[in-house]
Amino acid sequence: MSNIKLIIEERASNIGNFMVGRLLPFREKRMVGPFSFIDHMGPVCLSDHENLDVPPHPHIGLSTLTYLFEGSIMHKDSLGNEVEIKPGQVNWMTAGSGIVHSERTPGYLRHSDKMLHGLQIWVALPKDKEEMAPEFYHIEENEMPVWKSGEVSFKLIAGEAFGQKSPVPVFSPLYFLELKTTTRQTVKIGEFLYGESALYILEGAIESEGNVYGPKQILIAKDSQLCEFEMHENTTVYIFGGEPFPEERFIYWNFVASSRERIEQAKTKWLEQSFPAVPGETEFVPLPEQGKQIRP
């Protein structure tokens with residue numbers, strides 16, 4: 001989402017029970033469980049002549065999760081899906097062997113002022129699912145498990161945790177949780193988490209061992225069982241993680257794979273424009289400059 005993507009210089013430090021970074025991946029931590037990428041979009045105000053227009057582009061080897069706080073995006077893909085995503089809903093697109101999609105401002109909003117704010121997340125697929133047939137699911141907000149513990153409100157957006165299960169059809173043990181509070185609260189949830197665990201601060205602040213962290217920071221727990229922290233007033237955080245894969249994952253542009261060879265195949269396929277097309281679309285995002293490294 002090139003015209004609105006928030007890009008923050010990679011930084012990390014080790015403080016107490018947490019490794020602290022800015023967005024994912026960063027140098028010291030490329031993945032958390034199966035989660036390989038987080039993009040915090042906005043918040044941005046688009047005027048009546050500005051719109052989100054991301055032409056068709058491909059993915060392999062992952063699922064994408066789009067979750068909006070404000071605004072609206074029209075999703076179109078090579079499976080023939082055309083779905084508007086609104087705040088609180090989940091678009092879950094599994095690329096598998098390959099899918100192409102576009103993301104644009106819906107037609108009825110293109111000539112008005114609008115906000116856009118949300119998260120886009122990549123979840124790598126297990127090795128035995130990397131070449132599965134692509135899928136797409138749209139989940140309404142009222143389908144997701146919600147509950148309260150004291151003054152903290154919980155929502156399980158994807159995966160399984162706390163004895164709850166989201167309807168989002170994931171392919172490995174993982175969790176993606178929203179926690180909100182309007183009052184200062186101590187949260188101790190390590191016993192309910194598993195694998196690797198991280199926390200993203202959307203708004204407000206988190207305090208741990210005398211250290212205070214603010215919006216757009218990621219805290220990665222060195223041990224998920226030690227996931228204890230204090231939420232300040234009017235704070236919203238997202239906790240995500242799960243079981244890591246035994247194999248390394250490589251990332252190039254929109255491609256995630258357990259082998260460099262598979263990524264090279266996808267690059268060639270996109271250059272040849274032999275991925276399936278998105279109905280009704282004629283544009284496409286070109287492959288980035290060659291020579292850029294495939295990063296682990």
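Everything here concerns the structure above.
None of the values given here were measured: they were computed from a predicted structure. (Residues numbered from 1 in each chain as written. Predicted model: local features only at pLDDT ≥ 70, side-chain atom pairs only at ≥ 80, totals over all residues. Heavy atoms only, no water.)

Caption draft 1: Looking closely at the environment of Gln217. The residue Gln217 is located in the loop between strand S19 (211-213) and strand S20 (218-221) in this model. Of note is the side chain of Gln217, whose polar atom sits 3.0 Å from the backbone nitrogen of Gly214. (Helix = DSSP H or I, 4+ residues; strand = E, 2+ residues; numbered from the N terminus. Polar contact = N/O pair within 3.5 Å; in protein donor to acceptor, adjacent residues only side chain to side chain.)

Caption draft 2: Seen up close, the sheet that holds strand S8 (residues 90-94). Strand order in the open sheet formed by five strands is S3-S10-S5-S8-S11, with antiparallel pairing between adjacent strands. Unpaired on one side and paired on the other, strand S3 (35-46) and strand S11 (135-139) mark the two borders of the sheet. If you compare each strand with its neighbour and ignore which way they point, the axes differ by 15° on average. Where S8 meets S11, five bridges bridge the pair, whose relative direction is antiparallel. Looking across to S11, one finds that Met93 is bridged to Phe136. (Pairing = 2+ DSSP bridges. Axes fitted to C-alpha atoms, helices over the stretch in contact; angles between N-to-C directions.)

Caption draft 3: Main features of the pattern of salt bridges. Enumeration over the complete set of coordinates arrives at 11 salt bridges. Here Glu130 makes a salt bridge to Arg249, at a shortest N to O gap of 3.8 Å. Within this pair, whereas Glu130 is found in the loop between strand S10 (114-124) and S11, its partner Arg249 is found in the loop between strand S22 (235-242) and strand S23 (250-252), the two being separated by 119 residues in sequence. With relative accessibility at 3%, the residue Arg249 sits in the buried group. Between Arg184 and Glu207 there is a salt bridge, with the nearest N and O atoms lying 2.8 Å from each other. Highlighted residues: Arg184 in the loop between strand S15 (174-181) and strand S16 (185-188) and Glu207 in strand S18 (residues 206-208), separated in sequence by 23 residues. Looking at Arg184, the relative accessible area reads 35%, which means it is partly exposed. Each of the salt bridges in this network shares a partner with another, and the network as a whole consists of Asp53, Arg104, Arg110, Glu281 and Glu283. (Salt bridge = Lys/Arg side-chain N within 4 Å of Asp/Glu carboxyl O. Buried < 20%, exposed > 50% of the residue type's maximum accessible area, 1.4 Å probe, protein only.)

In short, the description is geometric, and any link to function would need to be established separately.
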